[in-house]
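Here's the letter readout for the chains.
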Amino acid sequence: MSKQENLILPKDFPQLKNDTFLRAARGEETEHVPVWCMRQAGRYLPEFRESRAGKDFFETCQSPEACCELTLQPLRRFPFDAAIIFSDILVVPQAMGMDVQMVAGKGPTFPEPLKEPEDLQRLQVKVDTDKELGYVFRAITLTRHKIEGKVPLIGFSGAPWTLMSYMIEGGGSNTHSKAKRWLYQHPEASHMLLKMLTDVIVEYLLGQVAAGAQALQVFESHAGILGPAEFKDFSLPYLRDIARRVKDKLKEAGQDVPMIVFAKDAHYALEELSQSNYEVVGLDWTIDPLSARERTGGKVSLQGNMDPCALYAPKERISDIVKKMLEGFGTRGYIANLGHGVYPDMEPENIGAFVEAVHQHSKQMIKQI
Ligand SMILES: Cc1c2[nH]c(c1CCC(=O)O)Cc1[nH]c(c(CCC(=O)O)c1C)Cc1[nH]c(c(CCC(=O)O)c1C)Cc1[nH]c(c(C)c1CCC(=O)O)C2
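Residues numbered from 1 in each chain as written. Predicted model: local features only at pLDDT ≥ 70, side-chain atom pairs only at ≥ 80, totals over all residues. Heavy atoms only, no water.

Undergrad: Explain the site of the ligand to me, and be specific about the residues and the numbers.
TA: Near the ligand, the surroundings consist of 22 residues, among which Arg39, Arg52, Asp88, Ser221 and His340 are the closest. Within the side chain of Asp88, an N or O atom sits 2.7 Å from a nitrogen atom of the ligand. His340 is positioned such that a nitrogen or oxygen atom in its side chain is 2.7 Å from an oxygen atom of the ligand. Contact with the protein chains covers 87% of the free accessible surface of the ligand, which is 870 Å². Residue composition of the shell around the ligand, by class: 13 nonpolar, 5 polar and 4 charged. (Near = heavy atom within 4 Å. Polar contact = N/O pair within 3.5 Å; in protein donor to acceptor, adjacent residues only side chain to side chain. Areas by Shrake-Rupley, 256 points an atom, 1.4 Å probe, with all protein chains shown as cover. Nonpolar A, V, L, I, M, F, W, Y, C, P; charged D, E, K, R; others polar.)

Written out as structure tokens, the structure is:
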């Protein structure tokens, strides 16, 4: 079966009951502002720690049943308006032939990172995404059934520059100087790698929609380490290309799936990001809500951007912070979220307070309009 036929085949998924997230992504009216959290499935939940205990991280990612369970856990506790499939951005470098391990206390680690342009030959150029990443697609299909239409399911991918930086750094880094060295010493090889990644990411995202993803988020988590000029050269064109190619293919199949771009710390590129073919621009907490609205000129919906550390505050204070954030963004074309993922030491109750505050304040504000 061709990928395109696959895209339009109904899979008899349960009917969606809460579509506030999808409507807000499209800038339509909603009765409350939808809310979800990046890393809502994570170590701050005791049930997550229990499910993950003693198991290898990427083996967990390869089990559709485990991914489904971990995706559903936060929904059992909190009335989130969307779920994001449990997986990781680094499954893409793995699919291209690189070894990646999750080392406790250290994070993701590549034992053999790319060092010089010759190393690109080690990578799989044509990746059969059904074969290499079929386990993610199966996790999405299973979760879409098990979620019973409660809320939409978001699929995701890392963006090319963020994945490139991991593949060269071999793990986390403060300066990203090994990866940035490539941009200045080997610009052609850098573009070659970014293009290879883009091709895989496009197929990967289309496969996720075919499997049942109802929205897609692209994480450019390492945007902030680039300046405006390098971002324009090495990140933005690929982000745009991904959205355009995914949308063109989906359109052919009569599908319309909102796409979110989250380029962390790329406040310098907000105008460009709002004109890069994504319906939603995700924001970290370094951008003021009102000025983000002004700078994006109503062209896109916005998502974010409470400082994850604000969740350490007492509940009443969380409620006040949320209210201010809602007043800044307004209630239309807005999806409440944090400016980055939930921290592992967060008190689960405070996530509940955040979700409740978004729902309560936004309902009142919408009633008064
Ligand atoms: C940079 C990045 C990665 N992975 C991801 C990003 C982009 C988002 C961001 O900027 O944070 C994306 C990601 N990773 C995970 C998700 C699942 C969905 C969700 O948000 O709930 C998503 C969307 C699960 C995960 N991915 C990871 C965890 C925690 C580890 C575990 O469960 O054992 C989770 C829940 C591991 C991971 N994976 C990665 C890191 C830096 C870490 C943390 C390592 C550590 O803290 O030890 C790479």
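Undergrad: Describe the nonpolar core, with residues and values.
TA: Inside soluble globular proteins, nonpolar side chains tend to come together where they are buried. The biggest cluster of nonpolar side chains holds 129 residues, and the ones touching the most others in it are Leu193, Phe231, Leu273 and Phe354. Top contributing element to this core by residue count: helix H10 (residues 187–211), with 13 residues. Residues in contact with Leu193, not counting those within four places in the same chain, are Leu114, Leu120, Leu123, Met164, Met167, Ile168 and Trp182. (Core = buried A, V, L, I, M, F, W, Y, C linked by side-chain atoms within 4.5 Å. Buried < 20%, exposed > 50% of the residue type's maximum accessible area, 1.4 Å probe, protein only. Helix = DSSP H or I, 4+ residues; strand = E, 2+ residues; numbered from the N terminus. Contact = heavy atoms within 4.5 Å.)

Undergrad: Mind laying out the environment of Leu72, listing which residues take part and the relevant values?
TA: When you line up the elements, Leu72 lands in helix H5 (residues 64–77). We classify Leu72 as buried; its relative accessible area is 11%.

Undergrad: Break down the packing of helix H14 (residues 289–296) against helix H15 (residues 315–329) for me, citing the residues and quoting the values.
TA: The N-to-C vectors of H14 and H15 enclose an angle of 20°; their axes lie 7 Å apart at closest approach. If you check the angle between H14 and H15, you find them roughly parallel. Judged by the twist between their axes, the crossing of H14 over H15 is right-handed. Along its contact with H14, which presents Pro289, Leu290 and Arg293, the element H15 presents Met325, Gly328 and Phe329. (Axes fitted to C-alpha atoms, helices over the stretch in contact; angles between N-to-C directions. Parallel < 35°, antiparallel > 145°, perpendicular 65-115°, else oblique. Left-handed = near helix turned anticlockwise from the far one by under 90°.)

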